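These are the residues of each chain, in order.
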Amino acid sequence: LESGRVECWIENAQRAASWLRESGEVDRVTGIGFRAGALFALAAAARQPADGVVLWAPPAKGNHFVREFRAVSMTAAATANLERREGEPLETSGFRLSHETCVDIGKLNATDFVPRVRRALIVSRDESPTNSRLCDHLRAAQIEATEVGGPGFADIITLPHETRVPDTTLAAIVDWLNEPINSSATEEALTNAVSSSARPSTRSEEHTSELQSHSFI
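Residues numbered from 1 in each chain as written. Predicted model: local features only at pLDDT ≥ 70, side-chain atom pairs only at ≥ 80, totals over all residues. Heavy atoms only, no water.

Mind showing me how you'd approach helix H4 (residues 99-106) here?
Every buried residue of H4 is accounted for by Thr101, Cys102 and Ile105. Down the axis of H4, the buried set is contained in an arc of 100 degrees. They therefore lie on one face. (Buried < 20%, exposed > 50% of the residue type's maximum accessible area, 1.4 Å probe, protein only. Helix = DSSP H or I, 4+ residues; strand = E, 2+ residues; numbered from the N terminus. Arc of directions from axis to C-beta.)

Can you help me understand the packing of aromatic side chains in this one?
Given two aromatic rings, their pairing is described by the distance between the two centres and the angle made by the two planes. Scanning the entire structure with this criterion turns up four aromatic pairs. Where Trp9 meets Phe40, the ring centres are 5.4 Å apart and the plane angle is 40 degrees; that geometry is what we call tilted. You can see Trp9 sitting in helix H1 (residues 5-23) and its partner Phe40 sitting in helix H2 (residues 36-47), a full 31 residues away along the chain. With a relative accessible area of 33%, Trp9 lands in the partly exposed category. Residue classification places Phe40 among the buried positions, given a relative accessible area of 12%. Measuring from ring centre to ring centre gives 5.8 Å for Phe65 and Phe69, while their planes differ by 40 degrees; the resulting arrangement is tilted. Residue Phe65 and its partner Phe69 are located together in helix H3 (residues 62-79), separated by four residues, close to a single helical turn. Ring pairs connect the aromatic residues Phe34, Trp56 and Phe153, which therefore count as one cluster. The side chain of Arg119 reaches across the aromatic face of Trp176, ending 3.8 Å from its centre. (Phe/Tyr/Trp six-rings, centres within 6.5 Å; stacked < 30°, edge-to-face > 60°. Lys NZ or Arg CZ within 6 Å of the ring centre and 35° of its normal.)

It is not clear to me how unusual backbone geometry should be interpreted in this structure. Could you clarify?
A negative phi angle characterises most non-glycine residues, just as the trans form characterises most peptide bonds. Of note in the backbone geometry, Ala57 takes a positive phi value of approximately 50 degrees without being a glycine. In this structure, Ala57 sits in the loop between strand E2 (52-56) and H3. We note that Gln142 has phi near 65 degrees; this positive angle belongs to a residue other than glycine. Its location among the elements puts Gln142 in the loop between helix H5 (132-140) and strand E6 (144-150).

What exactly am I supposed to notice about the nonpolar core here?
Grouped together as the largest cluster of nonpolar side chains are 32 residues, with contacts concentrated most on Phe40, Leu55, Phe65, Ile105, Leu134 and Leu138. At the level of secondary structure, the elements contributing two or more residues to this core comprise H1, H2, E2, H3, H4, strand E5 (119-125) and H5. Looking at which element gives the most residues to this core, the answer is H2, with nine residues. Sequence-distant contacts of Leu134, defined by excluding residues within four places in its chain, comprise Leu42, Leu55, Pro58, Ala110, Thr111 and Ile122. (Core = buried A, V, L, I, M, F, W, Y, C linked by side-chain atoms within 4.5 Å. Contact = heavy atoms within 4.5 Å.)

Please clarify how the pattern of salt bridges should be interpreted in this entry.
Pairs can form between side chains of opposite charge whenever their charged atoms are close. Applying the stated criterion across every chain yields a total of eight salt bridges. Residue Glu7 pairs with Arg47 through a salt bridge whose shortest N-O separation is 2.9 Å. Highlighted residues: Glu7 in helix H1 and Arg47 in helix H2, separated in sequence by 40 residues. Asp51 is the partner of Arg118 in a salt bridge, and the nearest nitrogen-oxygen pair spans 2.8 Å. (Salt bridge = Lys/Arg side-chain N within 4 Å of Asp/Glu carboxyl O.)

Is there a simple way to explain the pairing of E6 in this structure?
Looking along a regular strand, one sees the side chains alternate between the two faces of the sheet. In terms of residue burial, E6 counts as a mostly covered element, since five of its seven residues are buried. Note: E5 against E6, seven bridges, orientation parallel. By the bridge assignment, Ile122 is partnered in E6 with Glu147. (Pairing = 2+ DSSP bridges.)

Any chance you could explain the environment of Phe69 here in plain terms?
A relative accessible area of 10% places Phe69 in the buried class. Between the alpha carbons of Phe69 and Leu97 there is a distance of 9.2 Å; along the sequence they are 28 residues apart.

In this structure, what is going on with the environment of Ser124? I would like to understand it.
Within the secondary structure, Ser124 is located in strand E5. Judged by relative accessible area, Ser124 falls into the buried class, the value being 5%.

Mind showing me how you'd approach the confidence of the model for the protein chain here?
Close reading of the predicted structure is inappropriate where its pLDDT is low. The predicted model of the protein chain has a mean per-residue pLDDT of 78, with 71% of residues at 70 or higher. Note that pLDDT drops below 50 for residues 181-216; the model gives that stretch 59 contacts with residues more than four away or on any other chain. (pLDDT = per-residue confidence, 0-100.)

Put into structure tokens, the structure is as follows:
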């Protein structure tokens, strides 16, 4: 929870990508980030070249994520009859962020970064519109950007005992990692299989096995 945590996370991702590249044991290095992690992936890729980034439900601005995190944290605290004081760490679903970390995350903007990658996959939240501004920003930098809707976001961030693995979205990400695919093909695959995200996971081990052939951070 100490200050400088955000910079540490970004720097660690940057160093991991560099180490993987220099090891000579992998063909491709891809950064994958979920929510605020997508901002960290963009920041790290802007410093250290990679083959691609997967940005899952990326907030346009860090302060958007912080506001959402604070609202969920305050709701959880009220439900449990806990009193929250200004400046105290925020906590929800097992994640705890200090005031300093929230301030640092709030300073990040997705379009401030130009990642040194060849391509990017933006997976939007199923209940929210896609982030076309970020997609346009990446394409303007000559990055092959694919933008799709990914079902299952709400199933990930719910109560721990009620979470479900979003197989449909994971399958689309695996396909994108395995070979270059266009956005229309990916979106068609997601659209045709949206209903599967409502069923219990049966393919988690399959996805894990397929992802093991790649190195990602």
